[in-house]
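Below, each chain spelled out in residue letters.
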Number of protein chains: 2
Amino acid sequence: MTITTPAGFRAAGIAAGIKASGNKDLALVVNDGPARVAAGVFTANRVHAAPVKWSRQVLTDGLLTAVVLNSGGANACTGPQGFQDTHATAEKVAEALGIGAVEVAVCSTGLIGEFLPMDAVLTGVERAAKELSNTGGADAAEAIMTTDTKPKNATHSGAGWSIGGMAKGAGMLAPGLATMLVVLTTDARITAELADEALREACRLSFDRLDSDGAMSTNDTVLLLSSGVSDVAPDAEAFTGALTAACRDLAGQLLSDAEGSTKDVAIEVVNAASEDDAVTVGRSVARNNLVKTALFGKDPNWGRILAAVGTTDAVFDADELDVAINGVWICRAGAAAEDRSLVDMEPREIAITIDLKAGDATATILTNDLSHAYVHENSAYSS
Amino acid sequence: MTITTPAGFRAAGIAAGIKASGNKDLALVVNDGPARVAAGVFTANRVHAAPVKWSRQVLTDGLLTAVVLNSGGANACTGPQGFQDTHATAEKVAEALGIGAVEVAVCSTGLIGEFLPMDAVLTGVERAAKELSNTGGADAAEAIMTTDTKPKNATHSGAGWSIGGMAKGAGMLAPGLATMLVVLTTDARITAELADEALREACRLSFDRLDSDGAMSTNDTVLLLSSGVSDVAPDAEAFTGALTAACRDLAGQLLSDAEGSTKDVAIEVVNAASEDDAVTVGRSVARNNLVKTALFGKDPNWGRILAAVGTTDAVFDADELDVAINGVWICRAGAAAEDRSLVDMEPREIAITIDLKAGDATATILTNDLSHAYVHENSAYSS
């Protein structure tokens, strides 16, 4: 049920002494092949961390043998020294595994703007390499946690092959309260092209639809590694579907564990003129602090939802908009309809439906409420 | 020191019974002429309230004699009935003053999605018309408050003429925690063209640079009325400068009274390739919840500032960015510089400077922090 569930992968997760707490903070994932196919999706933030620069670069050939990940420090906004530290980490992994540094991706998460304690990192890499095992996935998932309250693992099976995944963070790809890091493994035999296309499509329909607080991390990374051990080559549709399912599973876990949240909110935009319009409207509502605080207050405040819709350039007529919360159509044609007291705001799961009456496209954006605990965690935790 | 300071204006502010609290909730402002020149700027939100639709329409000829404003209800998302209510309000003012309804602008603020208690509104208009006086500006400013903790007035004098203004709300033009309403009066003799141009320029440099929480109201309205009583016709530059100063004064009062804020934050973006770039970068930082919670936590977290800058498409090199907080350059060339412990985060006033090193344009965006009190007010207050 982890990244070591698919055949051909070993992993380890150890306490290297990067975190002051003494918790696990360094993970190593190795693809023993025979294939070394890999793909990656990275933050769109133009201020991106040294490990993002490095990993994007080494992935240009579509091949990776190992991924080293650390929590306890993002190595972001650390200038040339930070990049040298990432490079040194990859070289250390390469040395320990007898491979080249360009076969090693690096991911970091934690505080921005501070240097990593490189002695601890490099010693940790050596120890992690010795502890690699084909049951090490759970330890690896634990070692990448920061403000996560639980590790996040997922698996999905095809006919004779499987996908495993781990994730940390509490946002979406690009956003994120803290950085989102995801590693996916598969023993399916796939080409580099399929890996890249399937990963982009899966991210588009999962992590990209998750918008916890609209903030965009400097370190977000999603990596896919294929060992090909199963020797089964699934067709593109089957593989992409399974990968999307695994990513959605992880995205759901990220949502439920978002910092300080009391609500898991699905914003479904229906009858949009285009999928882009549906996503734009859903995202605008998801990012609106007045909507988010109302959800925290268990207030079915459809007026704030309409106001958020109104800030977008999507196709709609303001006098035609319908809005339902948890199945109650409290707004019809841009005005009050069913009694708002009929809406049950008690459950953690809140479903908002927005009917744009402009076409037949649909998209769902997942988000959280804005709570006292969010303010507390993010004002007290320097990240 | 109010909107009745310039000659030619009378105003009243009364408790009409719209607010359950019994506080003042209806204001009337009358321009006794001889001129009736007027201009308006309205919310860019495509979901806009009935009074915005009405006032925009009656202002197409650049003439207004009166403005009626109510708190206690926004009359937004209220469909055709809501528009009829606005129309009826304007008709009642016209009847009381012996003018035409098309000479009357209407502004509303308060709960979205509910009808106004029209009996109270119409009776209130009659009473307010009887209480009009050339010292009624202070009462009017009080009657438009919602979550404001204090009324907001400003005046600015030219050579033989003056400008008065009142405001309510806690956001910027378009955004706003609650709706922003502003009425400006002047006894300067100006053309409709100058009124329009000066108002747009003044708003651009004041309310448009205020971004308290990135949310955009359905009701935001700024109106300028000129009586021409002074018979002095200032040149465009002098008048625009004075109007901008009055608007900046009111914008500063809005900022200081923003819901639940503990910090007044000025984000100055310098050496941008264009003023648009500077505004875009400043706004991105101002709207970032991670930056805002860090400010609440007195944490000089320049990494979150860089991450917010990185989400924009402004011209800059991420490895060249400098950031100062309250005068301490804690980030140089995209990495840590001066010791962050040197930054004094105790004052309410926080100055953030971001040097893009890409040109010579500058802009300053004003914002607030994101506090527990913000979450409390906006989760408990249904607006």
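It should be emphasised that the depicted structure is a prediction, and the values quoted were computed from it without experimental measurement.

K.L.:
What exactly am I supposed to notice about the overall build of chain A here?
P.N.:
When helices and strands are counted, chain A shows ten helices and 15 strands. For the C-alpha atoms alone, the extent of chain A along its principal axes is close to 65 × 45 × 35 Å. The burial tally for chain A puts 62% of its 383 residues in the buried class. For chain A, long-range pairs separated by at least 24 residues make up 79% of all intrachain contacts whose partners lie at least 6 apart in sequence. Taking the average place of the 28 positive charges on the side chains of chain A and the average place of its 49 negative ones, the gap between the two points comes to 4 Å.

K.L.:
Help me understand the packing of helix 8 (residues 289-296) of chain B against helix 9 (residues 302-309) of chain B in this model?
P.N.:
Describing two packed helices takes the angle between their axes plus the distance from one axis to the other. Residue and element names in this part refer to chain B. With their axes 9 Å apart at the nearest point, helix 8 and helix 9 run at an angle of 160° to one another. When the axes of helix 8 and helix 9 are compared, the pair comes out roughly antiparallel. Judged by the sense of rotation from one axis to the other, the crossing of helix 8 with helix 9 is left-handed. Between helix 8 and helix 9, the residues in contact are L290, V291, T293 and A294 and R304, I305 and A308, respectively. Per-class residue counts for the contact of helix 8 with helix 9 are five nonpolar, one polar and one charged.

K.L.:
Is there a simple way to explain the sheet that holds strand 9 (residues 221-226) of chain A in this structure?
P.N.:
To summarise the sheet geometry, strands pair through backbone hydrogen bonds and adopt either a parallel or an antiparallel arrangement. Residues and elements named next belong to chain A. Here we have five strands laid out as an open sheet, ordered 3-9-8-7-6, and mixed in their pairing. Bordering the open sheet on either side are strand 3 (37-42) and strand 6 (152-157), each of which pairs with just one other strand. Between one strand and the next, the sheet's axes are offset by a mean angle of 10°, whatever the strand orientation.

K.L.:
Sorry, what's going on with the domain arrangement of chain A here?
P.N.:
Reports of interface size often rely on the accessible area that becomes lost once the parts have come together. All names here are of chain A. What the domain assignment lists for chain A is domain 1 (9-256) and domain 2 (264-380). Summed over both partners, the interface of domain 1 with domain 2 comes to about 1,300 Å²; 41% of that surface belongs to carbon and sulfur atoms. For the interface between domain 1 and domain 2, the tally reads two salt bridges. One salt bridge connects R204 with E275, and the closest N-O pair in it is separated by 2.7 Å. Here the side of domain 1 that touches domain 2 is composed, by residue class, of six nonpolar, four polar and five charged.

K.L.:
Just to check I follow, could you spell out the pairing of strand 4 (residues 66-70) of chain B for this structure?
P.N.:
Each regular strand shows side chains that alternate between the opposite faces of the sheet. Residues and elements named next belong to chain B. Counting buried positions over the five residues of strand 4 gives five, a clear majority of the element. Neither face of strand 4 is exposed, since A66, V68 and N70 on one face and V67 and L69 on the opposite face are all buried. The pairing of strand 2 (residues 26-31) with strand 4 spans five bridges and is antiparallel. The residue bridging L26 from the neighbouring strand is N70, located in strand 4. Pairing geometry for strand 4 and strand 5 (residues 104-108), over five bridges, is parallel. Bridged to V68 within strand 5 is V106. In terms of handedness, the path from strand 4 via helix 2 (residues 79-97) over to strand 5 forms a crossover that is right-handed.

K.L.:
Which parts of the structure should I look at to understand the interface of chain A and chain B?
P.N.:
Counting from both sides, the interface comprises 54 residues of chain A and, opposite them, 54 residues of chain B. Interface area for chain A against chain B, summed over the two sides, is near 3,900 Å², with a carbon-plus-sulfur share of 55%. Our enumeration of links across chain A and chain B arrives at twelve residue pairs in polar contact (both at pLDDT 80 or more). Looking at the side of chain A that touches chain B, the elements with two or more residues in it are helix 8 (289-296), helix 9 (302-309), strand 13 (335-336) and helix 10 (372-380) of chain A. If one sorts the elements of the side of chain A that touches chain B by residue count, helix 10 of chain A sits on top with six residues. Looking at the side of chain A that touches chain B residue by residue, the class counts come to 23 nonpolar, 23 polar and eight charged.

K.L.:
Would you mind going over the UniProt feature "active site" (unreviewed entry) in chain A with me for this structure?
P.N.:
Residue and element names in this part refer to chain A. Per the UniProt annotation, the sites labelled "active site" (unreviewed entry) are T179. Its place among the elements puts T179 in the loop between strand 7 (162-168) and strand 8 (181-186). What makes T179 buried here is its relative accessible area of 7%. Excluding residues that lie within four positions of it along the chain, T179 makes contacts with S108, T109, K168, G169, S217, N219 and D220.

K.L.:
How do you make sense of the relation of the copies chain A and chain B when you look at a structure like this?
P.N.:
For the pair of chain copies, the relating transformation is a rotation about an axis with a translation along it. Once chain A has been moved 0.0 Å along the axis and rotated by 180°, it coincides with chain B to within an RMSD of 0.0 Å. What the superposition gives is, in effect, a two-fold axis relating one chain to the other. When C-alpha positions in chain A are compared against the rotation axis, the closest is assigned to H372 of chain A, at 2.8 Å. A share of 100% of interface residues in chain A that are also interface residues in chain B marks the association as one of identical surfaces.

K.L.:
What should I look at first to understand the sheet that holds strand 9 (residues 221-226) of chain B in this one?
P.N.:
Residues and elements named next belong to chain B. Strands sit in the order 3-9-8-7-6 across an open sheet of five strands; the sheet is mixed. Two strands close off the open sheet at either side, each with one partner strand: strand 3 (37-42) and strand 6 (152-157). Here the strands of the sheet are splayed against their neighbours by 10° on average, with no regard to which way each runs. In this sheet, strand 9 lies alongside strand 3 in antiparallel orientation, the contact comprising six bridges. Bridge pairing in strand 9 places A38 opposite L225. The strands that helix 6 (residues 236-256) touches are strand 6, strand 7 (162-168), strand 8 (181-186) and strand 9; relative to strand 6, the one it contacts most, it runs at about 160°.

Parameters at a glance
- Residues numbered from 1 in each chain as written.
- Chains lettered and ligands numbered in written order.
- Predicted model: local features only at pLDDT ≥ 70, side-chain atom pairs only at ≥ 80, totals over all residues.
- Heavy atoms only, no water.
- Helix = DSSP H or I, 4+ residues; strand = E, 2+ residues; numbered from the N terminus.
- Buried < 20%, exposed > 50% of the residue type's maximum accessible area, 1.4 Å probe, protein only.
- Contact = heavy atoms within 4.5 Å.
- Lys, Arg positive; Asp, Glu negative; His and termini not counted.
- Charge placed at Lys NZ, Arg CZ, Asp CG, Glu CD.
- Axes fitted to C-alpha atoms, helices over the stretch in contact; angles between N-to-C directions.
- Parallel < 35°, antiparallel > 145°, perpendicular 65-115°, else oblique.
- Left-handed = near helix turned anticlockwise from the far one by under 90°.
- Nonpolar A, V, L, I, M, F, W, Y, C, P; charged D, E, K, R; others polar.
- Pairing = 2+ DSSP bridges.
- Domains from an automatic or database assignment.
- Buried area = accessible area lost by both parts, 1.4 Å probe.
- Salt bridge = Lys/Arg side-chain N within 4 Å of Asp/Glu carboxyl O.
- Right-handed = clockwise from strand over helix to strand, strands pointing away.
- Polar contact = N/O pair within 3.5 Å; in protein donor to acceptor, adjacent residues only side chain to side chain.
- UniProt positions renumbered as here; feature names shortened; annotations may be inferred.
- Least-squares fit on C-alpha atoms with pLDDT ≥ 70 in both.

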